Amino acid sequence: MPTVLIVDDYPAVRGAIRAGLARYSEFSVCGEAADGADAIEKATTLKPDFILLDLAMPGMNGMEAAPILKRLMPTVPIVTFTTYGELLGRSLPSTIGIDAVIDKLAGIEKVMECARNLLGVATNLTSG
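Since the structure is predicted, the reported quantities are computational estimates derived from the model, not experimental observations.

(A) The pairing of strand β2 (residues 28–33), seen in detail. Examined bridge by bridge, strand β1 (residues 3–7) and β2 share five bridges and lie parallel to one another. Paired with T3 across the strands is S28, a residue of β2. Regarding topology, helix α1 (residues 11–21) serves as the crossover connection from β1 to the parallel β2, and that connection is right-handed.

(B) Structural context of the pattern of salt bridges. Enumeration according to the criterion identifies nine salt bridges in this entry. The salt bridge partner of R18 is E32, with a shortest N-O separation of 2.7 Å. Pair noted here: R18 is in helix α1 and E32 is in strand β2, with a separation of 14 residues, a long-range link. On the basis of relative accessibility, which here comes to 23%, the residue E32 falls in the partly exposed class. Here the salt bridges share partners, and the residues they tie into one network are D8, D54 and K104.

(C) Region of interest: the packing of helix α2 (residues 36–46) against helix α3 (residues 62–72). Axis separation between α2 and α3 bottoms out at 9 Å; the angle between their running directions is 10 degrees. Here α2 is positioned roughly parallel relative to α3, judged by the angle of their axes. With respect to the hand of their crossing, α2 and α3 are arranged in right-handed fashion. Contacts from G36, A39, I40, A43 and T44 of α2 reach α3 at A65, I68, L69 and L72. Within the contact of α2 with α3, the residues separate by chemical class into seven nonpolar, two polar and no charged.

(D) Representation of the sheet that holds β1 in the model. Taken together, the five strands give an open sheet; going across it, the order is β2-β1-β3-β4-β5, and neighbouring strands pair in parallel fashion. With one partner strand each, in any of the chains shown, β2 and β5 (100–103) form the two edges of the open sheet. In this sheet, adjacent strand axes meet at a mean angle of 25 degrees when their direction is disregarded.

What counts and how
Residues numbered from 1 in each chain as written. Predicted model: local features only at pLDDT ≥ 70, side-chain atom pairs only at ≥ 80, totals over all residues. Heavy atoms only, no water. Pairing = 2+ DSSP bridges. Helix = DSSP H or I, 4+ residues; strand = E, 2+ residues; numbered from the N terminus. Right-handed = clockwise from strand over helix to strand, strands pointing away. Salt bridge = Lys/Arg side-chain N within 4 Å of Asp/Glu carboxyl O. Buried < 20%, exposed > 50% of the residue type's maximum accessible area, 1.4 Å probe, protein only. Axes fitted to C-alpha atoms, helices over the stretch in contact; angles between N-to-C directions. Parallel < 35°, antiparallel > 145°, perpendicular 65-115°, else oblique. Left-handed = near helix turned anticlockwise from the far one by under 90°. Contact = heavy atoms within 4.5 Å. Nonpolar A, V, L, I, M, F, W, Y, C, P; charged D, E, K, R; others polar.

This is the structure:
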């Protein structure tokens, strides 16, 4: 089962994402990180299959962490889940190692759809 590392500076947001992902049986959360530096440390330890990364965080933000994470784990998809996606433009995400940008208003279903596409995972809902 593919694992997900959730990176967001707000514990309540991380909890909501974790709860949303729990509705699906094809992924499991391997850990959470509160900023980019924490994400790099946890990713190297936990070896997730997928990283869900917020952009705006204190300390090391997602834009600073993404290229480091991609260099350390080149085959692991990095998806930003942010309210600031429009600030990235069209070419910057791939330049810094981000595979997809999802607006937080799109919801967890959009994250799951993206994760399935990037990882080639078949749909398997445990609840509707």
